[in-house]
Amino acid sequence: MASTIPDPKSGARAEDSEPRPPSERAGRIEAHGIDHIPDGERHGRPRQLFSVWAAANVTYLNLVTGGSMILMGLSLGQAVAVIVAGNLLWLLTGLLAISGPAAGTPSEVITRAIYGVLGNRVNNAIVGWLISVCYFAINLAAAASAAFALVEMVGISASTFVKIVVVIVIAALTLTIGVYGHGMIMKLYLPITLTLAAVFVVVAIGVFQHTDYSYTPAEPLSGAALWSVLIGGFTLIGSAPLSYTTSADFSRYLPRTTSARAVVGWTALGGFLPGAAIGCLGALAATAVDMEDPQAGLREILPGWFGPILLLALVLGTIAINALTSYSAGLALQAVGIRIRRSRSVLIDGVAAVALTLYGLLTAGFLDTVNHALEVTVVVVGPAMAVYATDIVLRRNRYDGTALMDESPQGPYWFTGGFNPAGTVALVVGVAVSALCVNNVYTGPISEALGGIDLALPVGLVVSALLYAILARDLRRRTPAS
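These notes cover the structure that comes with them. (Residues numbered from 1 in each chain as written. Predicted model: local features only at pLDDT ≥ 70, side-chain atom pairs only at ≥ 80, totals over all residues. Heavy atoms only, no water.)

### What about unusual backbone geometry?
With phi around 55°, Arg396 is a residue other than glycine that occupies positive phi space. Relative to the elements of secondary structure, Arg396 occurs in the loop between α18 (378–395) and α19 (401–404). With relative accessibility at 37%, the residue Arg396 sits in the partly exposed group. With a phi angle near 55°, Asn397 is a residue other than glycine that sits in the positive phi range. Mapped onto the secondary structure, Asn397 falls in the loop between α18 and α19. (Helix = DSSP H or I, 4+ residues; strand = E, 2+ residues; numbered from the N terminus. Buried < 20%, exposed > 50% of the residue type's maximum accessible area, 1.4 Å probe, protein only.)

In structure tokens form, the structure reads like this:
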């Protein structure tokens, strides 16, 4: 295990002065996949997690979702409150991240303790891989749209051939980071964070100069209509942190003795600060320009020379998001049971996402259909996040990484026929009850009875967590001390 004793001469921890294992250097493809990381290969500091999550959230998407709060009919004060509240769910992402150093394995393996070996394969196939590839495709399409505008700025017509080339180039850059893996991510994401932050500082200056700080909608919402929009906005903002049930993937290389509070804090802060700040920036912008077409609206209040820079930043931000997504999706594909190297599994994810993106860009309405489907993924990822977080609390974050690698029927996580009844029932019931509360693509009976209020997110979180706590109530007693 790497030493954590401060160097008396430099004041730095001894582990910081140790060279990284060859497979963890940025210029080499990561050798590890879902296997257990030995203590001798653990390294790093939890503060490095800040830039990983910040780079994935200093994005155009947060600007757009923040602006949508105003478009939904909220006042500026209400919009800011919803944006801040929704981003507080990054604390759950931070909580899940502490299981990485404890187990030395990614989230996709840790959840074997929750669902059983076979149950976890189903979980990874749906929550880990399918949803991730769909998110990859949607984000890739968004980046491609910005790149198309950039191409036309330099006088090149965005023909079908050009669009295909642009999509493939963006995907190739994204997958390069995903294939090289953890070391490359840790190396690149700090400069990416700083670059994107500088771009959005310029955006902020333009927005602040034109914001109507006393803005209220012409017809203020009240009663059930107001609550419906408030909860709907909270769900939209909160869906971003809830989609990262894989935060242990990026913390698992930290030494076993790493402070859990530090891991929670740096992970949550990395998501919360840019998510809340840029979301609020979007709300401020919506009081001055039409955010239904954000690119056109922002051009009204930003310098003309800044347009191409903003478009490049949009592409870079999306690459940062999708690199994390492709990395975790590759691990999920391994955890499903497919015997393939992690680097190759990432490429498979990329091929599937590129195919979806190209088909969507060339087939009207396809991406809209996928987008609507993703809007209700909170029905699944909310309960999945809640069950995972509850398991960490019940076990007091004590996981045996070596035992988690045992997939045999004689292993400790085989449970009953390969399924853990507690986790399986809690997730299925949580998803079912959450689905009854949806008012999005369809209206569930509970939402209809409440006048259209969508309680899918809070109900899914609470029901899943409580049910798992009840079904696994003896987990604290049965979990070993180390």
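That covers the picture; the talk isn't over yet.
### Quick word on helix α11 (residues 182–210)
Spanning 29 residues, α11 covers 41 Å between terminal C-alpha atoms, matching the ideal 42 Å at 1.5 Å per step. Of all bends in α11, the biggest is about 35°, found at Leu188, and the proline Pro191 comes one to four residues later. (Expected span 1.5 Å × (residues − 1). Bend = angle between axes of the 7 residues up to and from the residue.)

### Notes on the packing of helix α2 (residues 48–55) against α11
Close contact between α2 and α11 brings their axes to 8 Å; oriented N to C, the two are set at 60°. The orientation of α2 relative to α11 falls into the category oblique. Considering the relative orientation of α2 and α11, their crossing is left-handed. Of α11, the residues touching α2 (which contributes Gln48, Leu49, Ser51, Val52, Ala54 and Ala55) are Ile185, Met186, Tyr189, Leu190, Ile192, Thr193 and Leu196. Partitioned by chemical class, the residues of the contact of α2 with α11 number ten nonpolar, three polar and no charged. (Axes fitted to C-alpha atoms, helices over the stretch in contact; angles between N-to-C directions. Parallel < 35°, antiparallel > 145°, perpendicular 65-115°, else oblique. Left-handed = near helix turned anticlockwise from the far one by under 90°. Contact = heavy atoms within 4.5 Å. Nonpolar A, V, L, I, M, F, W, Y, C, P; charged D, E, K, R; others polar.)

### As for empty space enclosed by the protein
Empty space among the atoms becomes apparent when a probe as large as a water molecule is rolled across them. By the definition in use, this model includes two cavities of 30 Å³ or more. The calculated volume of the largest cavity comes to roughly 110 Å³. Lining of the largest cavity is provided by Ser107, Glu108, Thr111, Tyr115, Asn123, Asn124, Val127, Gly128, Thr245, Thr246, Ala384 and Tyr388. Mapped onto the lining of the largest cavity, the elements with two or more residues apiece are α7 (107–110), α9 (117–153) and α18. Among the elements that take part in the lining of the largest cavity, α9 stands out by supplying four residues, more than any other. Residue composition of the lining of the largest cavity, grouped by class: four nonpolar, seven polar and one charged. Estimates place the volume of the second largest cavity at around 60 Å³. Looking at the second largest cavity, it is lined by eleven residues, and the ones nearest its centre are His43, Gln48, His182, Met186 and Leu254. Where the lining of the second largest cavity is concerned, the elements lending two or more residues are α2 and α11. Grouping the amino acids of the lining of the second largest cavity by side-chain chemistry returns five nonpolar, four polar and two charged. (1 Å grid on protein atoms, 1.4 Å probe; cavity = no way out; pocket = protein on both sides within 12 Å on 5 of 7 lines; lining within 4 Å. Points joined across faces, edges and corners; volume = space filled by probe spheres on them.)

### Some points on the side chain of Asp249
Checked against the element boundaries, Asp249 lands in the loop between α12 (223–242) and α13 (260–286). When residues no more than four places from it in sequence are discounted, the contact partners of Asp249 are Pro106, Ser107, Glu108, His182, Tyr327, Ser328 and Leu331.

### Overview of a negative patch on the surface
On the surface, Asp290, Glu292, Asp293 and Glu300 cluster together into a patch of negative charge. By the secondary structure assignment, Asp290 is in the loop between α13 and α14 (294–299). (Patch = residues over 30% accessible without salt bridge, like charges linked within 9 Å, V, L, I, M, F, W, Y side chains within 5 Å. Areas by Shrake-Rupley, 256 points an atom, 1.4 Å probe, with all protein chains shown as cover. Salt bridge = Lys/Arg side-chain N within 4 Å of Asp/Glu carboxyl O. Lys, Arg positive; Asp, Glu negative; His and termini not counted. Charge placed at Lys NZ, Arg CZ, Asp CG, Glu CD.)

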